[in-house]
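Chains, contacts and geometry: an overview
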Amino acid sequence: MPRITTLECPGCPSLRALTFDSLGLIKVIEAKVSQGGAPRVVERWGELDSSKCVLAASINNRKDDPLLAVARKTGMIEVLSAINGDIRFTVSNANEDGPRPEDDAVVGLHLFAGQKLELTSRTCTLLTCTTKGNTSMRSIEVTNSPAGFASVGSSNTWSVCGSGNILCSKVDGSEKYAIFGGKGVEMNMWDLDNCTKIWAAKSPPKNSLDIFTPTWFTSSTFLSKDDHRKIVAGTNSHQVRLYDISAQRRPVTSFDFRETAIKSVTEDLDGYTVYVGNGSGDLASFDMRTGKLLGCFLGKCSGSIRSIARHPELPVIASCGLDSYLRLWDIKTRQLLSAVFLKQHLTNVVFDSNFADEEVKPSVAADLPLNAEQIANETEIVDEEEALPVKRKKASKEDERRKKKKAMKENEGNKEASKENNGSKKKASKENEGSKKLKSKKSKRSKFEIHDES
Amino acid sequence: MGYKRKKSESELEPEIENDRKKPMTQKEEKEILPSTIKNKEKRSEVHAKLKHQKKLEKRKKAKARDAAEKRALELGEEPPPKMVPRTIENTREFDETVCKPDDEELFAGNDADEFGAILKRDRTPKVLITTCRFNSSRGPAFISELLSVIPNAHYYKRGTYDLKKIVEYANNKDFTSLIVVHTNRREPDALLIIGLPEGPTAHFKLSKLVLRKDIKNHGNPTNHKPELVLNNFTTRLGHRIGRLIQSLFPQDPNFRGRRVVTFHNQRDFIFFRHHRYIFDRKESKQTDSKGKEAKDAKGEKASQERVIARLQECGPRFTLKLTSLQHGTFDSKGGEFEWVHKPEMDTSRRRFFL
């Protein structure tokens, strides 16, 4: 028989992701634990029209009535309901006297979650940024009329760069600051309350051969949600840089990643890990405190990674790009959870964190101890890391596992039960797999002995 | 399950099977796998014996099958169904990217892609062919043959220009594609096909090049626009490559020219062939001379004639293998790849990408 290797995907927890592609489609992908955790496309919004190619997207993860903003190639910005895809309203980003939308594409879009605008939930605020650097922040009153008519409440337009092209922009967690960067534009940070530039980076010095690499930022992000001072940026010369605006204008740390341009950078919730994707489909996680590679995400990904999204609660990231697959990864084991083929070149992916199934609840509860354990582990790591070097951390962790297991065995004394435990823990971590294997071998050996005797 | 257990089972099983099949043969030899024998002479002896036995069995089986077929024919029954050999292609790993004919997204995507204008005949293909910096011997010969294969192709000397500059130049001159023939040690070994003005860029490895003069009984192509045959481009990536190749050739072939260019994909290798064909009438002589004479007497000779197509190869002949497909025009530093061949993809012989 031909030996056909199938990619074993363990399936992912219940989640809901939205992808945007070059044909202007929005696809909703849902995975449910009750159905084996295999994600599938449940809905498709929009019609097939390449002129409506999605350039940027943003979601505000509100509990009630989450909204989704989508910038199209035609210069229109649509705001939809993230639940059923109803278009609430559309606004045009192109102004009459300005350049045409084809020449001045939207590169950055942010839909404010709106803590400060909580009182009037019918307003939503949008920050858009175009290639030429025309940035505008407008708050829009949504009227109740079904036609989707919207009135621009207040609009604020400024330019973030004199020359060059903006390629990336990002708004921080508190939604007070935004960073911009691009080809020929150094990273700069703006205060959104009064539209002033508060910081700009300085290009790194020439190298030992007196060669100056031209500025070309392709992706950027804030390192943590509640700290706007640390910025991670990826460059076209395959470099990842960490800037600290409270320290200096030049990068604090910078390191190279592979050979092609960095195309996307996303931060983790823990405040020091970043996920980096590049033009030839390599995805890796880095510890920004040390600049060390934590590990690569391997899974036959061969197309440029355009976007990475971190799930707000679950330990899952999603990546998508030119190979038209949406891939979901476990961040602890760096294993591919599953991949969905979506037929088009994907430009963006976002997670909808408010997705939860009623029928799924019990199984989620079953998973909870696992998660809790992970979280516990995480905290342990954090505690230990201050004192211990990296290598010993792992060993100590493994030791803990071993101790735990031993305790379990002693308690139950029943091999079947311990086996089940093995199964349930498989997900938890692969790092200690080695030790696990040893153990299972041992147990089996003992089994055999018993057989022989009998 | 446990590793120990498995091993012991796998050791046990063949013994049991062999015992069941041939209880007549010597047991001592059967129990030992030839690979476990350390003495080479002995090992090869046992191995040869095993092989011989297998061959005999196979022959026996074939004979039995033939006999069954013959008997079925004589009795006028349905002959037993023919076995389909298992090949690497028909046991290919399942690939969800294989295009289905009822996929509306595929067609919408095709309409929107970079080749749409050429394939809808809004633009006529115009191809610029150039080489790498150093070029001699087989390179120019290959290019002169490529020029005869691809209509409306123009050769430009490379000089010392950057490829990006050449792309710019070709864009200004309204070319639709750019082909770069890369030569290594005076032997063409790579082909770069760039769609203009906005990509994509496909990088192929070129091998097994046979020029026209080295093909026996070759023909000389005419100036007619050739017909194009693209075989087996099944997946999404395959479709894209197929369309890229298609955009090199004019979409209105002169059928009078009876000239055909074939790109045949098999196991991710793209075989290029260039033929002239002719429709010929052939009298089937065998049926005339041998059996069914009664029928022959009645039927006219014209009815025995069949129309066949005869081929004459015009050359060149070469094989391409895709190494990468880049989004946009050539950009070695900041380029985004749609597909790159990576070593980790080669974990199965039955996985194909085109």
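Residues numbered from 1 in each chain as written. Chains lettered and ligands numbered in written order. Predicted model: local features only at pLDDT ≥ 70, side-chain atom pairs only at ≥ 80, totals over all residues.

**Considering the overall build of chain A**
Within chain A, the secondary structure is distributed over 4 helices and 28 strands. Buried residues in chain A amount to 38% of all 454 residues. Of the contacts made within chain A by residues no fewer than 6 positions apart, 47% connect residues no fewer than 24 positions apart. (Helix = DSSP H or I, 4+ residues; strand = E, 2+ residues; numbered from the N terminus. Buried ≥ 20, exposed ≤ 12 C-beta atoms within 10 Å, placed from the backbone. Contact = placed C-beta atoms within 7 Å.)

**Some points on the overall build of chain B**
When you go through chain B residue by residue, the secondary structure sums to 11 helices and 11 strands. Counting only residues that meet the buried cut, chain B has 23% of its 354 residues in that class. For chain B, contacts bridging at least 24 residues in sequence account for 70% of all contacts bridging at least 6.

**Notes on the pairing of strand β12 (residues 165-171) of chain A**
Residues and elements named next belong to chain A. Burial analysis of β12 places 6 of its 7 residues in the buried class, which makes it a mostly covered element. Alignment of β12 against strand β13 (residues 177-183), held across 6 bridges, turns out to be antiparallel. Its bridge partner being in β13, I166 is matched across the sheet by G182. With antiparallel pairing between neighbouring strands as the criterion, β12 and β13 make up a hairpin whose turn holds 5 residues, including E175 at a positive phi of roughly 60°. (Pairing = 2+ DSSP bridges.)

**Re the confidence of the model for chain A**
Residues and elements named next belong to chain A. Of the residues in chain A, 70% reach a pLDDT of 70 or more, and the chain-wide mean stands at 77. Taken together, the stretch residues 358-398 has pLDDT below 50 and engages in 26 contacts with residues farther than four places along the chain or on a different chain. Counting contacts from residues 412-450, a segment whose pLDDT is below 50, to residues more than four positions away or on other chains yields 32 contacts. (pLDDT = per-residue confidence, 0-100.)

**Focus: helix α3 (residues 40-75) of chain B**
Residue and element names in this part refer to chain B. Here α3 contains 36 residues, and its C-alpha end-to-end distance of 52 Å stays within 8% of the 52 Å for a straight helix at 1.5 Å per residue. In terms of burial, α3 is a largely surface element, 0 of the 36 residues being buried. Positive backbone phi, at 75°, marks G76, one or two positions downstream of α3. (Expected span 1.5 Å × (residues − 1).)

**Quick word on the nonpolar core**
Formed by 98 residues in total, the largest nonpolar core has its most connected members in A69, V70, A318 and L326 of chain A. Those residues in contact with A318 of chain A that sit more than four places away from it in its chain are A17, A309, L326, R327, L328, V349 and F351 of chain A. By size, the runner-up hydrophobic cluster in this structure holds 41 residues, among which are I143, V180, L196 and I270 of chain B. (Core = buried A, V, L, I, M, F, W, Y, C linked by C-beta atoms within 7 Å.)

**Description of the interface of chain B and chain A**
Each partner contributes residues to the interface: chain B has 29 residues there, and chain A has 28 residues. Going through the elements one at a time, α1 (3-21), α4 (104-112) and β11 (336-340) of chain B are the ones with two or more residues in the side of chain B that touches chain A. Per-class residue counts for the side of chain B that touches chain A are 8 nonpolar, 9 polar and 12 charged. (Nonpolar A, V, L, I, M, F, W, Y, C, P; charged D, E, K, R; others polar.)

**Section: the sheet that holds strand β4 (residues 54-60) of chain A**
Residues and elements named next belong to chain A. Strand order in this open sheet of 4 strands is β4-β5-β6-β7, and the pairing throughout is antiparallel. At either margin of the open sheet sits one strand with a lone partner, and together these are β4 and β7 (87-92). Ignoring strand direction, the axes of neighbouring strands in this sheet form an average angle of 15°. Two elements, strand β5 (residues 67-72) and strand β6 (residues 76-81), share 5 bridges in a ladder whose sense is antiparallel. Note on β6: the bridge partner recorded for L67 is S81. (Axes fitted to C-alpha atoms, helices over the stretch in contact; angles between N-to-C directions.)

**Topic: helix α8 (residues 236-246) of chain B**
Along α8 of chain B, 10 of the 11 residues are buried, which leaves the element largely enclosed by surrounding structure. Of all the residues in α8 of chain B, the buried ones are R236, L237, G238, H239, R240, I241, G242, R243, L244 and I245 of chain B.

**Some points on the sheet that holds β13 of chain A**
Residues and elements named next belong to chain A. Spatial ordering of the open sheet is given by β12-β13-β14-β15, a layout of 4 strands whose pairing is antiparallel. The open sheet has two edge strands, β12 and β15 (196-200), and neither has a second partner. Here the average twist between neighbouring strands, direction ignored, is 30°. Direction of pairing for strand β14 (residues 185-191) relative to β15: antiparallel, over a ladder of 4 bridges.

**Considerations on the pairing of strand β3 (residues 177-184) of chain B**
Residue and element names in this part refer to chain B. Bridge analysis of strand β1 (residues 127-131) against β3 gives 5 bridges, and the strand direction is parallel. Looking across to β3, one finds that L128 is bridged to L178. As paired elements, β3 and strand β4 (residues 187-195) share 8 bridges and run antiparallel to each other. Residue pairing for β4: N184 is matched across the bridge by E187. Connecting β3 to the next strand, β4, in antiparallel fashion are 2 residues, including R185 with a positive phi near 50°.

**So, the environment of R350 of chain B**
Residues and elements named next belong to chain B. Locating R350 in the fold gives a position in the segment after β11. With 17 C-beta atoms counted inside 10 Å, the residue R350 sits in the partly exposed group. Residues R350 and A62, spaced 288 residues apart in sequence, show a C-alpha to C-alpha distance of 28 Å.

**Quick look at unusual backbone geometry**
Of the consecutive residues G199 of chain B and P200 of chain B, the connecting peptide bond is found in the cis state with omega at -10°. On the secondary structure map, P200 of chain B appears in the loop between β4 and β5 (201-210). Note that the residue after G315 of chain B, namely P316 of chain B, is joined by a cis bond; omega there is -5°. With respect to the element layout, P316 of chain B can be found in the loop between β9 (305-313) and β10 (317-327). Even without glycine at this site, E175 of chain A takes up a positive phi of about 60°. Note that E175 of chain A resides in the loop between β12 and β13. Within the chain, R258 of chain A stands out as a residue other than glycine whose phi angle is a positive 55°. With respect to the helices and strands, R258 of chain A occurs in the loop between β19 (253-256) and β20 (262-267). Note on R258 of chain A: 15 C-beta atoms within 10 Å, which makes it partly exposed.

**Topic: the environment of A17 of chain A**
All names here are of chain A. Take A17: it is sitting in strand β1 (residues 15-21). C-alpha of A17 to C-alpha of P39: the two residues are 22 residues apart in sequence and 9.3 Å apart in space. With residues near it in sequence (within four places) discarded, A17 still touches I29, A318, L326, V349 and F351.

**A closer look at the confidence of the model for chain B**
Reading fine detail from the predicted coordinates is not recommended where pLDDT is low. All names here are of chain B. Looking at chain B as a whole, the pLDDT averages 85, with 86% of positions reaching at least 70. Across residues 1-25, confidence stays below pLDDT 50; counting only partners more than four residues off in sequence or on other chains, it has 11 contacts. Note on residues 287-299: pLDDT is under 50 here. Beyond four places in sequence and across chains, it has 5 contacts. Reported for the predicted complex are a pTM of 0.77 and an ipTM of 0.76.

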